[in-house]
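Architecture at a glance
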Amino acid sequence: MIKKLPVLIFLVFFAFLAKSLFQDQTEIPSPLIGKPIPTFSLPRLNAEGLVSDIDIVGKISLINVWATWCVGCLEEHQLLIKLSQGSMAIPIIGINWKDQTDSAIRWLEERGNPYTEIAVDYEGKTAIDFGVYGAPETFLIDDDGIIHYKHIGALTVDVWAQEFLPIINELKQ
Amino acid sequence: MKRKILTFLSVFVIAIGSSTAMDGLTPEQEALYQSIVHEVRCLVCQNQSIAESNAELAKDLRIEIANQIKDGKTEQDIKNFLLNRYGDFVLYEPSFNKKTVFLWLSPLLLLLLIFGWYRKISLN
């Protein structure tokens, strides 16, 4: 037994490395889960005045970080529109991240606007507070503004059904 | 020849132009800035530090770090700022906590195991 110990160590180590090889390293768990959304005060995209974290808290909602330069944002746009409509509609707050304001407005005119509010984060400071590193990113917050889930990359019907809906149903109870 | 000189000079202009985040830092602050930006992982392009990366986010983080240094924040303040937003993965040298205890101690554990094994073998 004792002679075989190095072989055993090697096998454990090998299994560990092999597992890591097939793990998705691009999605990093957010330390913000379970914490309130960061404070911010940003200009509105399509209206006068500022929008702050206090303004958007009150309902179970999504915070979606998007930009016109982001490919995934285009991919998920129709789904966002669907989620914003109908009896099961969920408020979606947009954070327009490091974008050109006029192209962002045109983008929404052409493709429809799923957002109840859009804050413009031109400098990217609020995005840093949200720990954003790749648009699109979608946060699920409860009626107290606590973050319950974060999805990085384009939202899909599957992700919505498997990740978001169970949490939303739990929050509603 | 003239063209060569121009090319040569333009390299400097580009180099100067890209270092705007460090404007207005004292030499000590600049040293601190350099040591931090080389330790922060660019999450968009995971195998580079934010010092090396041209990603927009890396630029934003460089500016943020420089501004915090100007405001008199310490290295630990700035690292905590990043950890609270991006998690342990953002630093190349992860902090020692409950989640990283195995990561930090496993080499020692392995060494002890091997040492123990070696002694057993040589005693036999």
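Given the structure is predicted, the values throughout are model-derived calculations rather than measurements. (Residues numbered from 1 in each chain as written. Chains lettered and ligands numbered in written order. Predicted model: local features only at pLDDT ≥ 70, side-chain atom pairs only at ≥ 80, totals over all residues. Heavy atoms only, no water.)

1. Examining the overall build of chain A
Per the secondary structure count, chain A includes 6 helices and 7 strands. Every one of the 173 residues in chain A was classed for burial, and the buried ones make up 46%. For chain A, the share of sequence-separated contacts (at least 6 apart) that also reach a separation of at least 24 residues comes to 69%. For chain A, the accessible area works out to roughly 9400 Å², and carbon and sulfur atoms hold 60% of it. Of the charged side chains in chain A, 13 are positive and 22 negative; the average position of the first set lies 10 Å away from that of the second. (Helix = DSSP H or I, 4+ residues; strand = E, 2+ residues; numbered from the N terminus. Buried < 20%, exposed > 50% of the residue type's maximum accessible area, 1.4 Å probe, protein only. Contact = heavy atoms within 4.5 Å. Areas by Shrake-Rupley, 256 points an atom, 1.4 Å probe, with all protein chains shown as cover. Lys, Arg positive; Asp, Glu negative; His and termini not counted. Charge placed at Lys NZ, Arg CZ, Asp CG, Glu CD.)

2. A look at the interface of chain A and chain B
Interfaces are frequently sized by the accessible area removed from exposure as the parts join. Listed as interface residues are 22 residues of chain A and, on the opposing side, 21 residues of chain B. Roughly 1900 Å² is buried in total at the junction of chain A and chain B, and carbon and sulfur atoms are behind 68% of that figure. Seen at the junction of chain A and chain B, the total is 4 salt bridges. Between chain A and chain B we count 4 residue pairs in polar contact (both at pLDDT 80 or more) in total. Of all the secondary structure elements, the ones that give two or more residues to the side of chain A that touches chain B are α1 (5-21) and α5 (125-129) of chain A. Among the elements that make up the side of chain A that touches chain B, the one with the highest residue count is α5(A) (4 residues). Of the residues assigned to the side of chain A that touches chain B, the class counts are 13 nonpolar, 4 polar and 5 charged. (Buried area = accessible area lost by both parts, 1.4 Å probe. Salt bridge = Lys/Arg side-chain N within 4 Å of Asp/Glu carboxyl O. Polar contact = N/O pair within 3.5 Å; in protein donor to acceptor, adjacent residues only side chain to side chain. Nonpolar A, V, L, I, M, F, W, Y, C, P; charged D, E, K, R; others polar.)

3. Some points on the nonpolar core
Formed by 46 residues in total, the largest nonpolar core has its most connected members in Ile63(A), Tyr33(B) and Ile65(B). Those elements that provide at least two residues to this core are β3 (61-66), β4 (92-97), α5, β6 (137-141) and β7 (147-152) of chain A together with α2 (27-37), α3 (56-70) and α4 (75-86) of chain B. The element best represented in this core is α3(B), accounting for 6 residues. (Core = buried A, V, L, I, M, F, W, Y, C linked by side-chain atoms within 4.5 Å.)

4. A few points about the packing of aromatic side chains
All told, the structure shown has 8 aromatic pairs over all chains when counted by the stated rule. For the ring pair Trp69(A) and Trp97(A), a centre distance of 5.7 Å and an interplane angle of 55° mean the geometry is tilted. With a gap of 28 residues between them, Trp69(A) in the loop between β3 and α3 (71-83) and Trp97(A) in strand β4 connect regions that are remote in the sequence. On the basis of an interplanar angle of 80° and a centroid distance of 5.1 Å, the ring pair of Tyr149(A) and Phe164(A) is categorised as edge-to-face. Pair noted here: Tyr149(A) is in strand β7 and Phe164(A) is in helix α6 (residues 157-172), with a separation of 15 residues, a long-range link. By relative accessible area, Phe164(A) is classed as buried at 0%. An aromatic cluster is built from Phe40(A), Phe130(A) and Phe139(A), whose rings are joined through pairwise contacts. Directly above the ring of Phe89(B) sits Arg41(B), whose terminal nitrogen or CZ lies 3.9 Å from the centroid. Residue placement shows Arg85(B) over the ring face of Phe81(B); its charged tip is 3.7 Å from the ring centre. (Phe/Tyr/Trp six-rings, centres within 6.5 Å; stacked < 30°, edge-to-face > 60°. Lys NZ or Arg CZ within 6 Å of the ring centre and 35° of its normal.)

5. Thoughts on the layout of surface pockets
A volume near 1400 Å³ is recorded for the largest pocket. Forming the boundary of the largest pocket are 37 residues, of which Phe16(A), Lys99(B), Thr100(B), Phe102(B) and Leu103(B) lie nearest the centre. For the lining of the largest pocket, the class distribution of residues is 20 nonpolar, 10 polar and 7 charged. (1 Å grid on protein atoms, 1.4 Å probe; cavity = no way out; pocket = protein on both sides within 12 Å on 5 of 7 lines; lining within 4 Å. Points joined across faces, edges and corners; volume = space filled by probe spheres on them.)

6. Section: empty space enclosed by the protein
Enumeration according to the criterion identifies 1 cavity of 30 Å³ or more in this entry. Considering the residues around the largest cavity, the lining is formed by Ile28(A), Pro29(A), Ser30(A), Pro31(A), Gly131(A), Tyr133(A), Lys150(A), Leu43(B), Arg85(B) and Tyr86(B). Taken together, the residues of the lining of the largest cavity break down into 6 nonpolar, 2 polar and 2 charged.

7. Looking at helix α4 (residues 101-111) of chain A
Structural remark: α-helix, 3.6 residues per turn; residues separated by three or four positions point the same way. Residues and elements named next belong to chain A. All of the buried residues along α4 are Ser103, Ala104, Trp107 and Leu108. Along the long axis of α4, the arc covered by the buried residues comes to 135°, so they all point the same way. Exposed residues lying more than 90 degrees from the buried face of α4 are Glu109 and Glu110. The secondary structure elements touched by the buried residues of α4 are β3, α3, β4 and β5 (117-121). Downstream of α4 by a residue or two, Gly112 has a phi angle that is positive, lying close to 95°. (Arc of directions from axis to C-beta.)

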